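Here's the letter readout for the chains.
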Amino acid sequence: MYYKKIIKFAGIAILSFSLAACGKSSESSAKTEEIRISWWGGDARNKVMQEAITAFEKENPTIKVNAEFSGYGGYQEKMTTQLSGGTAPDVIRLDSMWLNQYKNQLVDLETLSKELAISTNFSEESLISLKYDDHLLGLPLSTNYRPLLYNKTVTDKFNIEAPQSWEDLIAMREDLIAMREKLPDDYYPASNFFGAKYGSPIVFFQIVAQQTGLPISDENGKLNYTEKDFLTLVNFYHQLVEQRIIPSKKDVDNAGTIEGAPAPALLEGKWVTLFEFIANVNTIKSQLEEQGFELALAGYPSMSNEKSTGVWTKPSMVYSIPTSSKHQKAAAKLINYLMNDSEANKIQKLENGVPDSESGKQALEESELITPLATEILVEGEKKVDTNLSTMYRWDTAKLNDATLDIITRLDYGKIDTKQAAKEFYQAFKEEEDSVN
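Conventions used here
- Residues numbered from 1 in each chain as written.
- Predicted model: local features only at pLDDT ≥ 70, side-chain atom pairs only at ≥ 80, totals over all residues.
- Heavy atoms only, no water.
- Core = buried A, V, L, I, M, F, W, Y, C linked by side-chain atoms within 4.5 Å.
- Buried < 20%, exposed > 50% of the residue type's maximum accessible area, 1.4 Å probe, protein only.
- Helix = DSSP H or I, 4+ residues; strand = E, 2+ residues; numbered from the N terminus.
- Polar contact = N/O pair within 3.5 Å; in protein donor to acceptor, adjacent residues only side chain to side chain.
- Pairing = 2+ DSSP bridges.
- Contact = heavy atoms within 4.5 Å.
- Axes fitted to C-alpha atoms, helices over the stretch in contact; angles between N-to-C directions.

Engineer: Any chance you could break down the nonpolar core for me, citing the residues and the numbers?
Structural biologist: Within soluble globular proteins, side chains that are nonpolar tend to cluster in buried spots. Trp-166, Phe-193, Phe-204, Ile-377 and Phe-429 are the most contacted members of the largest nonpolar core, which has 80 residues in total. Within the second largest apolar cluster, 54 residues are counted, among which are Leu-94, Val-318, Tyr-319 and Ile-347.

The following block contains the structure:
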């Protein structure tokens, strides 16, 4: 009887130990999650993003983050395929212009408001343009201005003043012709702001707003611009090409430009000015400095008899979570860290632009990591922004960007004339009239 009790006790002890061990293993396994994140960018952005993810994993040892990154070229097509197939990463970086296209495949981030610390870090103004059908589809990394920047080294060399207006840009060519012996013929006062995919409409909208004083549409989404307005714009663009103020799209293609990479002519100082998003300024500045050039702010060019400054803003890149994600809370935790954590922002610096997150921006300000050039862009932009253009961002869509690039390409290759180009522009925007709002 004594031995039976010992055996029974030993059996219970072994069983209890086994169950405890199984429970511990199961608990440990349940606490470990693997999530994926994707973004696009150059080497500098990729480096700081991976450093920030490593820091996140140290603070959150039960979450493993797998990074997927690439250049901008082909990124949207990849996202479209993954979102449609339910295979998208748990955290995806998107251009704000794509949200309308993906609105049925993205989580309403208001449902994760606590995990994302939305109310304490983001103003309603910064989020309003990211809401579709009252669903918040993304959190903005930064607010995008797209000013005119110039190569100060080149302008100083040839005694050219920084351009403050479109007329100044045209005058730069006249000054350059007077100095033809010093400056080769393949130099241009400005890069082709219509010549890159997903770059054209920002400047395109600015010019039309300056000419008309109106946003593209009213609050109800009705198009304000007529076919005549589009013709005025196209003629203005064509004049810049004909006068060799900017290279044609054909010239851009023949210059060896690769989508998503700086044009060789820009890095050689042959394109004296360019329009660029504030989120990309730090990268362009570093690339030019490597070639011995100094990048400076010209501003937001004015126009004779302008009816508006043409300056408007939009969220740049956003973080979103696809509805297919099985780790939405862990994904939200990663987004919260990357956007709002002080250390994470110090690691990322300005590779994503000046943060819209209040705590993120404060971290950079306290560490003096917001460069003078970025500050200058923001200050000038805030002075010139036209609040009457508040509906402009709705028309900055991937579909219209593709249409713009296609029309400008055929115009510059001589396949269509300015009247046909204006007609097609107008038709493309009319087709979008009911879908952008």
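Engineer: Kindly report on the side chain of Asn-352, identifying the contributing residues and their values.
Structural biologist: Its location among the elements puts Asn-352 in the loop between α16 (342–348) and α17 (358–366). Assessed through its relative accessible area of 9%, Asn-352 is described here as buried. Reaching out from Asn-352, the side chain makes a polar contact with the side chain of Gln-348 at a distance of 3.1 Å.

Engineer: So what's going on with the sheet that holds strand β3 (residues 91–95)? Which residues, and what values?
Structural biologist: The strand order β2-β1-β3-β13-β6 describes an open sheet built from five strands, whose pairing is mixed. Each edge of the open sheet carries a strand with a single partner, namely β2 (63–70) and β6 (139–140). Pairing geometry for β6 and strand β13 (residues 317–320), over two bridges, is antiparallel. Following the sheet pairing, Leu-139 is matched in β13 by Tyr-319. The strands touched by helix α2 (residues 43–59) are β1 (33–40), β2, β3 and β13; relative to β2, the strand with the most contacts, the crossing angle is about 175 degrees. Contacts from helix α15 (residues 328–340) reach β1, β2, β3, β6 and β13 within the one sheet, and its direction differs from that of β1 by about 50 degrees.

Engineer: Which residues make up the pairing of β13, and what values do they have?
Structural biologist: Here β13 shows a buried face lined by Met-317 and Tyr-319 and a second buried face lined by Val-318 and Ser-320. Bridging between β3 and β13 involves four bridges; their strand directions are antiparallel. The residue of β13 that forms the bridge with Ile-92 is Ser-320.

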